[in-house]
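# Geometric and topological summary
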Amino acid sequence: DVKVTQSSRYLVKRTGEKVFLECVQDMDHENMFWYRQDPGLGLRLIYFSYDVKMKEKGDIPEGYSVSREKKERFSLILESASTNQTSMYLCASKSHPTIYEQYFGPGTRLTVT
Amino acid sequence: SQQGEEDPQALSIQEGENATMNCSYKTSINNLQWYRQNSGRGLVHLILIRSNEREKHSGRLRVTLDTSKKSSSLLITASRAADTASYFCATDPHGSGNTGKLIFGQGTTLQVKP
């Protein structure tokens, strides 16, 4: 079974802190994604990566950056956390190119105070 | 931007009844997928229907796709309390290439009462 793990289930940070969210997948998937999920807004794509060191902006990249130094690991970075970044963050991965479904991690609920 | 619009936003039924949720989208797609999310957890893939398919079944799930109306429906038959979850449709839009990007709807929250 594909396994996608995220470094924390719950995280509380202060405004202005630099925050790292880590995601690791164990199935050699090429594509990885970071979403945030807010009530009434569904899932919105922040960034995605289709190869090591390759990244592209999603729909809401402002205030975020990402890093993919190894194929299995995709990190989301909040350069200076703000209260409006309080959200559920979901990581996903998929194989390439003919497998279409995405595999999700359990999510990180981030609270910025 | 969010492509999928789901209807209803919330649905409450008794165990054993059928549950139907709908999804509309705006642009041409390669395929449409449905995912389930149990409370506070990640999403789990349920079923995929390609743009050239009209109906697909998987166990108690039945998905239909009408590309002329840009809409899809998910039917869960003989529902169980364990089906209580949020359900999301996700579209793979034309032109996304090999990025694998999906556009998710806002979700339908289903409650199945025992």
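The following paragraphs examine the structure supplied in this document. Quick caveat: nothing in here was measured; it's all calculated off a predicted structure. (Residues numbered from 1 in each chain as written. Chains lettered and ligands numbered in written order. Predicted model: local features only at pLDDT ≥ 70, side-chain atom pairs only at ≥ 80, totals over all residues. Heavy atoms only, no water.)

Bringing the state of the cysteines into the picture now. Counting across every chain of the model gives 2 disulfides over all chains. Each sulfur in the disulfide pair Cys 23 of chain A and Cys 91 of chain A lies 1.8 Å from the other. Because the torsion about its S-S bond is -75°, the bridge between Cys 23 of chain A and Cys 91 of chain A counts as left-handed. Here the residue Cys 23 of chain A occupies a position in strand 3 (residues 19–25), and Cys 91 of chain A occupies one in strand 9 (residues 87–94), the gap between them amounting to 68 residues. For Cys 23 of chain A, a relative accessible area of 0% puts it in the buried group. With a sulfur-sulfur separation of 2.0 Å, Cys 23 of chain B is cross-linked through a disulfide to Cys 89 of chain B. Judged by the torsion about the S-S bond (65°), the Cys 23 of chain B/Cys 89 of chain B disulfide is right-handed. Taken as a pair, Cys 23 of chain B in strand 3 (residues 19–24) and Cys 89 of chain B in strand 9 (residues 85–93) lie far apart in primary sequence, 66 residues in all. Of the two residues examined, Cys 23 of chain B and Cys 89 of chain B, each falls in the buried class. (Disulfide = S-S within 2.5 Å. Helix = DSSP H or I, 4+ residues; strand = E, 2+ residues; numbered from the N terminus. Buried < 20%, exposed > 50% of the residue type's maximum accessible area, 1.4 Å probe, protein only.)

Attention now goes to the sheet that holds strand 6 (residues 55–58) of chain B. All names here are of chain B. An order of 1-3-8-7-6 is seen for the 5 strands of this open sheet, with the pairing classed as antiparallel. Each edge of the open sheet carries a strand with a single partner, namely strand 1 (5–7) and strand 6. Direction aside, the axes of adjacent strands within the sheet are offset by 15° on average. (Pairing = 2+ DSSP bridges. Axes fitted to C-alpha atoms, helices over the stretch in contact; angles between N-to-C directions.)

We now examine the pattern of salt bridges. The tally for this structure, following the rule as stated, stands at 10 salt bridges over all chains. A salt bridge links Asp 28 of chain A to Lys 71 of chain A, with the nearest nitrogen and oxygen atoms 3.2 Å apart. Residue Asp 28 of chain A is located in the loop between strand 3 and strand 4 (31–38), and its partner Lys 71 of chain A is located in the loop between strand 7 (64–70) and strand 8 (73–78); the two are separated by 43 residues in the primary sequence. For Asp 28 of chain A, a relative accessible area of 52% corresponds to the exposed category. In this structure, the salt-bridge partner of Asp 83 of chain B is Arg 60 of chain B, at a minimum N-O distance of 2.9 Å. Taken as a pair, Asp 83 of chain B in the loop between strand 8 (71–76) and strand 9 and Arg 60 of chain B in the loop between strand 6 and strand 7 (61–66) lie far apart in primary sequence, 23 residues in all. Salt bridges here are not isolated pairs; linked through shared partners, they connect Asp 28, Glu 30 and Lys 71 of chain A. (Salt bridge = Lys/Arg side-chain N within 4 Å of Asp/Glu carboxyl O.)

Before going further, it helps to spend a moment on the interface of chain A and chain B. Listed per partner, the contact involves 24 residues of chain A and 23 residues of chain B. On the chain A side of the contact with chain B, Leu 43, Tyr 100 and Phe 104 of chain A bury the most area, a combined 27% of that side's loss. Where chain A meets chain B, there are 0 salt bridges. Summed over the shared surface of chain A and chain B, the result is 6 residue pairs in polar contact (both at pLDDT 80 or more). Those elements giving two or more residues to the side of chain A that touches chain B turn out to be strand 4, strand 5 (42–51) and strand 9 of chain A. Take the side of chain A that touches chain B: its biggest share by element is 5 residues, from strand 5 of chain A. Residues that form the side of chain A that touches chain B fall into these classes: 12 nonpolar, 7 polar and 5 charged. (Contact = heavy atoms within 4.5 Å. Buried area = accessible area lost by both parts, 1.4 Å probe. Polar contact = N/O pair within 3.5 Å; in protein donor to acceptor, adjacent residues only side chain to side chain. Nonpolar A, V, L, I, M, F, W, Y, C, P; charged D, E, K, R; others polar.)

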